[in-house]
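Observations on the model geometry
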Amino acid sequence: MMLCLLALLIATGAEAQEVRNVVYTTGINELQYAKKDTKPTTGEVIGEVLSAIVTGETSQDMGQYVPAVQAAVVKGISQARRIKAIEGQLTPEEKEQPNTWYVDGTIASISSTSKVDTWEDKDKKKHSKTVYKGLVSVTLHFKNAHSDEVMFSPSFNITSSDLSWVESAAGAINNAINSLSGRITRYLNVNLPLSANIIEGARDKKDKQKEVYIDLGAAEGAFKGLHFEVFTVRTVAGREARKKIGRLKVTDVEGDDISLCKVQSGGRDIKSAIDAGEQLLIITTD
């Protein structure tokens, strides 16, 4: 998925090729809530009753949380490293700038599911309480602001298997909404990774590289704990060929354009490539 999306982004314009780790100014339009306004059919009612009998769970629409879900989407997009988010439509001036997108989409569902937990205490006295989980489903369409072309359309589904049972419907929905924000941010960070280069070895031991310096620092969003995969890069028949040889982790951000990394795997291959003067490309994984 990541490689397909990267190829698509590179093909959309020369600016993406000329600027490393280009940041996309992204207007976030209002999301539409696709609530079913029609009454459920007899079959749907029967299905819900049977489901409640089998699982002990019932569901309830929570459409009053639409503004909170919209805010969660804005937060998730805003926290992505290569997105400059603007809530609302882009101005004509912003649309004319390079590397501009906008987002629209649909909130397919917001609901809570509940069940009654029962138990006995040590005195054989029976107790019960109702517990809840929140469910949220959203599809986003990222579009080129110049051409209206859809770049990619991820769907995010926070389901009952993602969350724990809590004692209020409001708490359950808030948990789902918080999970939605994090999932959107992770998706964008993974599919719009930061790239950099190993500029020199820092510490080695025998035939293995232990630490390296990279040309990515605070100015482009490097932070302690950031992970990378390491690739050798060569050109074959006019095409770029990459081979993964290891992993790195940032241990110290030493400036705007330099960080120190620990070699987590592939130390032997990385040292060999550095000694041979090969180009080493690194790409974030988180």
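From a predicted model like this one, the values you see are computed outputs, not experimental measurements. (Residues numbered from 1 in each chain as written. Predicted model: local features only at pLDDT ≥ 70, side-chain atom pairs only at ≥ 80, totals over all residues. Heavy atoms only, no water.)

**So, the pattern of salt bridges**
Oppositely charged side chains are able to pair whenever their charged atoms sit close together. Tallied over the entire structure, the rule returns 11 salt bridges. In this structure, E220 engages R20 in a salt bridge whose closest nitrogen and oxygen atoms are separated by 2.5 Å. In this pair, E220 is assigned in the loop between β10 (208-214) and β11 (227-236) and R20 in the loop between α2 (14-18) and β1 (24-28), connecting sequence segments 200 residues apart. What makes E220 partly exposed here is its relative accessible area of 27%. The structure contains a network of salt bridges with shared partners spanning R20, D215 and E220. (Salt bridge = Lys/Arg side-chain N within 4 Å of Asp/Glu carboxyl O. Helix = DSSP H or I, 4+ residues; strand = E, 2+ residues; numbered from the N terminus. Buried < 20%, exposed > 50% of the residue type's maximum accessible area, 1.4 Å probe, protein only.)

**Things to note about helix α4 (residues 66-78)**
Residues lying three or four places apart along an α-helix face the same way, a consequence of the helix completing one turn every 3.6 residues. The end-to-end C-alpha distance of α4, which contains 13 residues, comes to 18 Å, matching closely the 18 Å that a straight helix rising 1.5 Å per residue would cover. Where the residues of α4 are buried, they touch β1, β2 (32-33), β4 (83-87), β5 (100-120), β6 (126-144) and α6 (169-191). (Expected span 1.5 Å × (residues − 1). Contact = heavy atoms within 4.5 Å.)

**Comments concerning the sheet that holds β11**
Here six strands make up a closed barrel; going around it, the order is β9-β10-β13-β12-β11-β14 and the pairing antiparallel. Across the sheet, the mean angle separating the axes of adjacent strands is 45 degrees when strand polarity is ignored. In this structure, strand β9 (residues 195-205) lies alongside strand β14 (residues 280-284), joined through three bridges in antiparallel fashion. Counterpart to S195 in the pairing with β14 is I283. (Pairing = 2+ DSSP bridges. Axes fitted to C-alpha atoms, helices over the stretch in contact; angles between N-to-C directions.)

**Focus: the side chain of R82**
By the secondary structure assignment, R82 is in the loop between α4 and β4. In this structure, R82 is buried with no salt-bridge partner, the nearest side chain bearing the opposite charge being E220 at 7.8 Å. Within the structure, the side chain of R82 is placed 2.9 Å from the backbone oxygen of P193, a separation counted as a polar contact. Beyond its immediate sequence surroundings of up to four residues, R82 is in contact with N21, V22, V23, Y24, L192, P193 and L194. (Lys, Arg positive; Asp, Glu negative; His and termini not counted. Polar contact = N/O pair within 3.5 Å; in protein donor to acceptor, adjacent residues only side chain to side chain.)

**Comments concerning the environment of I83**
Mapping I83 onto the fold places it in strand β4. For I83, a relative accessible area of 6% puts it in the buried group. Considering only alpha carbons, one finds I83 and T100, 17 residues apart in sequence, at a separation of 9.6 Å. Setting aside chain neighbours within four positions, we find I83 in contact with V23, Y24, T26, I77, S78, W101, L188 and L192.

**Observations concerning the confidence of the model for the chain**
Looking at the chain as a whole, the pLDDT averages 86, with 86% of positions reaching at least 70. Mean pLDDT across the elements of the chain bottoms out in helix α3 (residues 42-55) (41) and peaks in strand β13 (residues 258-265) (97). Predicted confidence is poor over residues 10-17, with pLDDT under 50, and the contacts of this stretch with residues over four places away or in other chains come to nine contacts. In the predicted structure, residues 42-56 sits below a pLDDT of 50 and forms nine contacts with residues beyond four places in sequence or in another chain. (pLDDT = per-residue confidence, 0-100.)

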